[in-house]
Amino acid sequence: MVCSVSICAGEIFELKAELNSDKKEKKKEAVKKVIASMTVGKDVSALFPDVVNCMQTDNLELKKLVYLYLMNYAKSQPDMAIMAVNTFVKDCEDANPLIRALAVRTMGCIRVDKITEYLCEPLRKCLKDEDPYVRKTAAVCVAKLHDINAQLVEDQGFLDTLKDLISDSNPMVVANAVAALSEIAESHPNSNLLDLNPQSINKLLTALNECTEWGQIFILDCLANYTPRDDRESQSICERVTPRLSHANSAVVLSAVKVLMKFMEMLPKDLDYYSTLLKKLAPPLVTLLSAEPELQYVALRNINLIVQKRPEILKHEMKVFFVKYNDPIYVKLEKLDIMIRLASQANIAQVLAELKEYATEVDVDFVRKAVRAIGRCAIKVEQSAERCVSTLLDLIQTKVNYVVQEAIVVIKDIFRKYPNKYESVIATLCENLDSLDEPEARAAMIWIVGEYAERIDNADELLESFLEGFHDESTQVQLQLLTAIVKLFLKKPTETQELVQQVLSLATQDSDNPDLRDRGYIYWRLLSTDPVAAKEVVLAEKPLISEETDLIEPTLLEELICHIGTLASVYHKPPSAFVEGSRGVMHKRLPARTGSGESTESPDVGAAGGSAPEAAPSIIPSQGDLLGDLLNLDMAPPTTSGPPPPSTGMQMGGMDLLGGGLDSLVGISHSVDPYAMGAGFGAAPAVMPASLNAPVGGGLGDLFDLGGVGMPMGAYIPPKIVWLPAMKAKGLEISGTFARRAGVIQMELILTNKAMSVMTDFAIQFNRNSFGLAPAGPLQVLTPLGPNQTIEVSLPLSTVGPVMKMDPLNNLQVAVKNNIDVFYFSCQYPISMLFVEDGKMERQVFLATWKDIPNDNESQFQIKDCHLNSDAASSKLQGSNIFTIAKRTVEGQDMLYMSIKLSNGIWVLAELRVQAGNPNYTISLKCRAPEVSQCVFQCYEAVLKN
């Protein structure tokens, strides 16, 4: 920003005199001096009236200088700027097209409200000017005016004129019209300004060949927002865009790649043209890597996305990603990442030779990444694992500290991927124990020692050496050390009792870290009460680590592919993550692939109008590694209905390691034990639903809306079943079911005490589940449950709990605690409990949504032995919040179109076909999250048959 510099009165006076001179040359020189002073930050606003007087000239150069001055000072002198309006209007009708264009461009740049109203008439004339240069300038001016006063632009009909310019005979006018409409559309995402159809697309493609490089970019970006009707149209557009790949401007190339990547989604993979297009995409991407480093980096970030989506494009181009000695570090690291993504059995030898070379470089960050890349190759290409391990051992022998440490970290991951295969290298790793000083490397080495303690003779001594400076270690190392010593104790109990007592004491009594302390208490409780359970938990078989842990999530990848060539593709983040506010941010998705011969009957329930009720709901998170346990710990959830029976065959029995038990350590009575329950039983309950008496459905309006549909019946409630048998829960039997009443989900439980002792202090907790079900209040068992007594309890549930995808989707893992123990069981809830009361869609919205959901997301099922007519079926289903939108009869077959809304915002659309006299129904379900379709079908079956 240029600082304002004062200008002396004498200088102002001199300039004033020169500006008012009769000599044209003197006047021009004076304006140049004013502009020069303005450029270096001097305040020359006092000369505003004198400069404006100079506008009355035929000299184009002088006029440009005056307009430049006006643009700069009009905002600070709005009243005086109006003096220039008459000249602008006059200039817009000048015989010289350059002056007409200059006038309309300048008026668009003067952001003063008082002037904008005077701009409309000249702008209207310029939009229809005979000269294309004036028209293209006016098109951009509409976008500028829209930014100042959007309502004015709409009222004056400029948007329609702008749309007409897309059909202009001049390609540059077309490009500027597209650019202006695109910019306006970005600030109004829901407006349908760029109403693209095959005719307008054809005009854009014709203009594409003739306009400038920046015009081509605008047109290509516009094409990328179009969704072709079928694969034939998609192929036609690709054929006409492909020549842009050989353009000299890298931005044009990337925009063309974006269009092709998007439209390839619609081409069948068995098409010859599809494989031809793949081959054509590689050379331009390779050419981008011969540009300067900054452009290379942008190209590499985009290639990284393309390789994740379609690795086959560059699978034969590995060599171009080999690092050059003079590449900047940011280019080197990006090339390395792409090399790993392209690594395969065919080229792994070549890749490993390169990576080994990189590991001897001088740049520490690059060397670390190279060593880590060798480990990733081992995990990705199984056939190369042995060669990778051998390479890593060679690198360890170099004794370069940071190389050794990085190698140990990646070898730990290789052990996770290939258990019991490469353990022969452990001895070599142990030799380098003393040189480890980084937390990640120390933690990895401790994990290896703990995991393979039975194969390391002096494992206890090695771990004890780490224990000496326990409180100086990072939390990562402390947690790993605690777990490793507990593993060692479970494998060699007689030799390591003192060591485990020492680490538990350090973790629980001397540590201020809550994570470490809680883990210590849990291990202590497990070891002192049920060693067999401890062994099953701590020494449980670990899941194999995935091949690619750093792949971008598929939905995000699709969105980023639609933003190739923009900042989003460099950041690898959607625009909404770094563009402030929601304005101007649109979420884009790749089109669905069209299958050959697929045709689905769309419900003809109204005019093809309306729009989808809401955006596609967020995808349910997948069931992650080992985090899905009931007590929010780092161990897997129990798979049995209750804890395993204690065993007497183990050497250490059920002893308490410190004597006096955990209760004496934490100073609490046995009946209230927060550590035994984990974080959650004592926590505040989830939020209660807003109203327990919410009305069901939409009242009489729903009844009169549907011809021939009877009164809705009550919601279907499954019969109670035994979830937890008494023999697995020390005498406590739990039966139950789920119901939805007045908009509230209820878990209805029957608790029976079949033991000889009284049961009290009941509490309940759910594991994370697919739809976020959680208790909306405490488990209300107000009186002690005596022997042979039964009590019925209704627990209200909310859907605001943590979410994790389960298998099956409607599986619910539950922990119930009482004064005796904690018991685990799992049950399945009918998904109809999640069908909300406002799930009735408008007819037009239903039709638009049905067409919008891809055909691949449609599932078809048979409901057998059902003897209801269509009206009775509709009435019965409405009781469970499955709403009939329309009904029609075709050739004696009733077709009911229905909508369902789940509590997490997912919509399910259904078509139910009922043939008179035929007990078998056919149901088609369409949903943006197709994994719920199976559960919804089960609900249909249960409701209709009960």
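Residues numbered from 1 in each chain as written. Predicted model: local features only at pLDDT ≥ 70, side-chain atom pairs only at ≥ 80, totals over all residues. Heavy atoms only, no water.

**Examining the overall build of the protein chain**
Next up, step 1: A tally of helices and strands in the protein chain yields 38 helices and 13 strands.
Next up, step 2: Counting the 946 residues in the protein chain, one finds 51% classified as buried.
Next up, step 3: Here the contacts in the protein chain between residues at least 6 apart in sequence split such that 70% fall between residues at least 24 apart.
Next up, step 4: As presented, the protein chain carries roughly 42800 Å² of accessible surface, and 51% of it is formed by carbon and sulfur atoms. (Helix = DSSP H or I, 4+ residues; strand = E, 2+ residues; numbered from the N terminus. Buried < 20%, exposed > 50% of the residue type's maximum accessible area, 1.4 Å probe, protein only. Contact = heavy atoms within 4.5 Å. Areas by Shrake-Rupley, 256 points an atom, 1.4 Å probe, with all protein chains shown as cover.)

**So, the sheet that holds strand 8 (residues 822-828)**
Next up, step 1: The strand order across the open sheet formed by 3 strands is 4-7-8, and the pairing between neighbours is antiparallel. Each edge of the open sheet carries a strand with a single partner, namely strand 4 (763-766) and strand 8. Ignoring which end each strand starts from, the neighbouring axes of this sheet average 25° apart. (Pairing = 2+ DSSP bridges. Axes fitted to C-alpha atoms, helices over the stretch in contact; angles between N-to-C directions.)

**Quick word on the packing of helix 2 (residues 24-39) against helix 4 (residues 60-73)**
Next up, step 1: At a minimum axis distance of 10 Å, the contact between helix 2 and helix 4 shows a crossing angle of 35°. Considering how the two elements wind past one another, helix 2 and helix 4 form a crossing that is left-handed. On the side of helix 2, the interface is formed by Lys27, Lys28, Val31, Lys32, Val34, Ile35 and Met38, while helix 4 contributes Glu61, Leu62, Leu65, Val66, Leu68, Tyr69, Asn72 and Tyr73.
Next up, step 2: Here the contact of helix 2 with helix 4 is composed, by residue class, of 10 nonpolar, 1 polar and 4 charged. (Left-handed = near helix turned anticlockwise from the far one by under 90°. Nonpolar A, V, L, I, M, F, W, Y, C, P; charged D, E, K, R; others polar.)

**Digging into helix 23 (residues 401-417)**
Next up, step 1: Between the first and last C-alpha of helix 23 there are 25 Å, a value that for 17 residues agrees with the 24 Å anticipated at 1.5 Å per step.
Next up, step 2: The buried fraction of helix 23 amounts to 12 of the 17 residues, a majority that puts the element mostly inside the structure.
Next up, step 3: Taken together, the buried positions of helix 23 are Val403, Val404, Gln405, Glu406, Ala407, Ile408, Val409, Val410, Ile411, Ile414, Phe415 and Lys417.
Next up, step 4: The elements touched by buried residues of helix 23 are helix 21 (364-380), helix 22 (385-396), helix 24 (426-431) and helix 25 (439-451). (Expected span 1.5 Å × (residues − 1).)

**A word on the packing of helix 27 (residues 475-491) against helix 29 (residues 514-529)**
Next up, step 1: Closest axis-to-axis distance for the helix 27/helix 29 pair is 10 Å, and the angle between their directions is 10°. Taken together, the axes of helix 27 and helix 29 are roughly parallel relative to one another. Residue-level inspection shows Gln478, Leu479, Leu482, Thr483, Val486, Phe489 and Leu490 of helix 27 in contact with helix 29, the latter providing Asp515, Leu516, Arg519, Gly520, Tyr523 and Leu527.
Next up, step 2: Residue classes in the contact of helix 27 with helix 29 are distributed as 8 nonpolar, 3 polar and 2 charged. (Parallel < 35°, antiparallel > 145°, perpendicular 65-115°, else oblique.)

**Focus: the nonpolar core**
Next up, step 1: Of all hydrophobic cores here, the largest spans 213 residues; its most connected members are Tyr69, Leu204, Val241 and Phe415.
Next up, step 2: Setting aside its immediate chain neighbours within four residues, Phe415 contacts Tyr422, Glu423, Val425, Ile426, Leu429, Trp447, Ile448 and Tyr452.
Next up, step 3: Grouped together as the second largest cluster of nonpolar side chains are 64 residues, Leu732, Leu749, Met833 and Met898 included. (Core = buried A, V, L, I, M, F, W, Y, C linked by side-chain atoms within 4.5 Å.)

**Side note on the sheet that holds strand 10 (residues 883-890)**
Across a sheet, paired strands are connected by hydrogen bonds in the backbone, their directions being either parallel or antiparallel.
Next up, step 1: Taken together, 5 strands build an open sheet; the order of strands is 9-13-12-11-10 and the sheet is antiparallel. Unpaired on one side and paired on the other, strand 9 (858-863) and strand 10 mark the two borders of the sheet. With strand direction ignored, the average angle separating the axes of adjacent strands in the sheet is 20°.
Next up, step 2: Contacting strand 10, strand 11 (893-901) and strand 12 (907-915), helix 37 (residues 870-878) runs over the sheet at an angle of about 5° to strand 11.
Next up, step 3: Sitting on the sheet, helix 38 (residues 933-945) is in contact with strand 9, strand 11, strand 12 and strand 13 (921-927), with an inclination near 25° to strand 9.

**A word on the side chain of Ser859**
Next up, step 1: Take Ser859: it is sitting in strand 9.
Next up, step 2: Excluding anything up to four places from it in sequence, Ser859 contacts Ile923, Ser924, Leu925 and Ser933.

**Thoughts on the pattern of salt bridges**
Next up, step 1: In total, this model carries 33 salt bridges according to the counting rule given.
Next up, step 2: Between Arg741 and Glu748 there is a salt bridge, and its shortest N-O distance comes to 2.1 Å.
Next up, step 3: On the basis of relative accessible area, Arg741 is assigned to the partly exposed category, the value being 38%.
Next up, step 4: Through salt bridges with shared partners, a single ionic network connects Arg368, Arg372, Glu406, Glu438 and Glu440. (Salt bridge = Lys/Arg side-chain N within 4 Å of Asp/Glu carboxyl O.)

**Comments concerning unusual backbone geometry**
Next up, step 1: Note the cis peptide between Asp807 and Pro808, where omega equals 0°.
Next up, step 2: For Pro808, the location among the structural elements is in the loop between strand 6 (790-798) and strand 7 (811-817).

**Observations regarding the environment of Pro228**
Next up, step 1: Take Pro228: it is sitting in the loop between helix 14 (213-224) and helix 15 (231-241).
Next up, step 2: Distance from Pro228 to Met266, taken between C-alpha atoms, is 8.3 Å for residues 38 residues apart in sequence.

**Digging into the packing of aromatic side chains**
Next up, step 1: If you walk through the whole model with that rule in mind, you get 12 aromatic pairs.
Next up, step 2: Judged by centre distance (4.9 Å) and plane angle (85°), the rings of Tyr571 and Phe578 are edge-to-face.
Next up, step 3: A relative accessible area of 43% places Tyr571 in the partly exposed class.
Next up, step 4: Taking relative accessible area as the criterion, Phe578 reaches 30% and is therefore assigned partly exposed.
Next up, step 5: Following the ring pairs from residue to residue traces out a cluster consisting of Trp723, Phe738, Phe825 and Tyr829.
Next up, step 6: The ring of Phe366 is capped by Lys332, whose NZ or CZ atom sits 5.2 Å from the centre of that ring. (Phe/Tyr/Trp six-rings, centres within 6.5 Å; stacked < 30°, edge-to-face > 60°. Lys NZ or Arg CZ within 6 Å of the ring centre and 35° of its normal.)

**Quick notes on helix 2**
Next up, step 1: Under the 1.5 Å per step criterion, the end-to-end length of helix 2 is 23 Å for 16 residues, consistent within 8% with the ideal 22 Å.
Next up, step 2: By the burial criterion, the buried members of helix 2 are Lys28, Ala30, Val31, Val34, Ile35, Ser37 and Met38.
Next up, step 3: Gly41 sits one or two residues past helix 2 and shows a positive phi near 100°.

**A few points about the environment of Ala726**
Next up, step 1: Following the sequence through the fold, Ala726 ends up in the loop between strand 1 (721-724) and strand 2 (732-741).
Next up, step 2: Assessed through its relative accessible area of 16%, Ala726 is described here as buried.
Next up, step 3: Setting aside residues no more than four positions away along its own chain, Ala726 makes contact with Gly731, Leu732, Glu733 and Lys754.

**Details of the confidence of the model for the protein chain**
Next up, step 1: Averaged over all residues, the pLDDT of the protein chain equals 79, while 84% of them reach at least 70.
Next up, step 2: Predicted confidence is poor over residues 595-712, with pLDDT under 50, and the contacts of this stretch with residues over four places away or in other chains come to 237 contacts. (pLDDT = per-residue confidence, 0-100.)

**As for a negative patch on the surface**
Next up, step 1: Taken together, Glu461, Glu464, Glu468 and Glu498 make up a surface patch of like negative charges.
Next up, step 2: With respect to the helices, strands and loops of the structure, Glu468 is situated in the loop between helix 26 (459-467) and helix 27. (Patch = residues over 30% accessible without salt bridge, like charges linked within 9 Å, V, L, I, M, F, W, Y side chains within 5 Å. Lys, Arg positive; Asp, Glu negative; His and termini not counted. Charge placed at Lys NZ, Arg CZ, Asp CG, Glu CD.)

**Quick word on the pairing of strand 7**
On any regular strand, side chains alternate: one points to one face of the sheet, the next to the other face.
Next up, step 1: In terms of burial, strand 7 is a largely internal element, 7 of the 7 residues being buried.
Next up, step 2: Of the two faces of strand 7, the one lined by Asn811, Gln813, Ala815 and Lys817 and the one lined by Leu812, Val814 and Val816 are each fully buried.
Next up, step 3: Here strand 4 runs beside strand 7; their pairing, made up of 4 bridges, is antiparallel. When the bridges of strand 7 are listed, Gln765 appears paired with Ala815.
Next up, step 4: As paired elements, strand 7 and strand 8 share 7 bridges and run antiparallel to each other. Bridged to Ala815 within strand 8 is Tyr824.
Next up, step 5: Counting the residues that bridge the hairpin from strand 7 to strand 8 gives 4 residues.

**Comments concerning the environment of Ser794**
Next up, step 1: Checked against the element boundaries, Ser794 lands in strand 6.
Next up, step 2: Residue Ser794 is classed as partly exposed on the basis of its relative accessible area of 41%.
Next up, step 3: Sequence separation between Ser794 and Phe738 is 56 residues; the distance between their C-alpha atoms is 9.4 Å.
Next up, step 4: Excluding residues that lie within four positions of it along the chain, Ser794 makes contacts with Gln746, Met747 and Glu748.

**Some points on the pairing of strand 2**
Next up, step 1: The element strand 2 is largely enclosed, with a buried count of 9 among its 10 residues.
Next up, step 2: Across 3 bridges, the pairing between strand 1 and strand 2 is antiparallel. Bridge pairing links Ile721 to Gly736 in strand 2.

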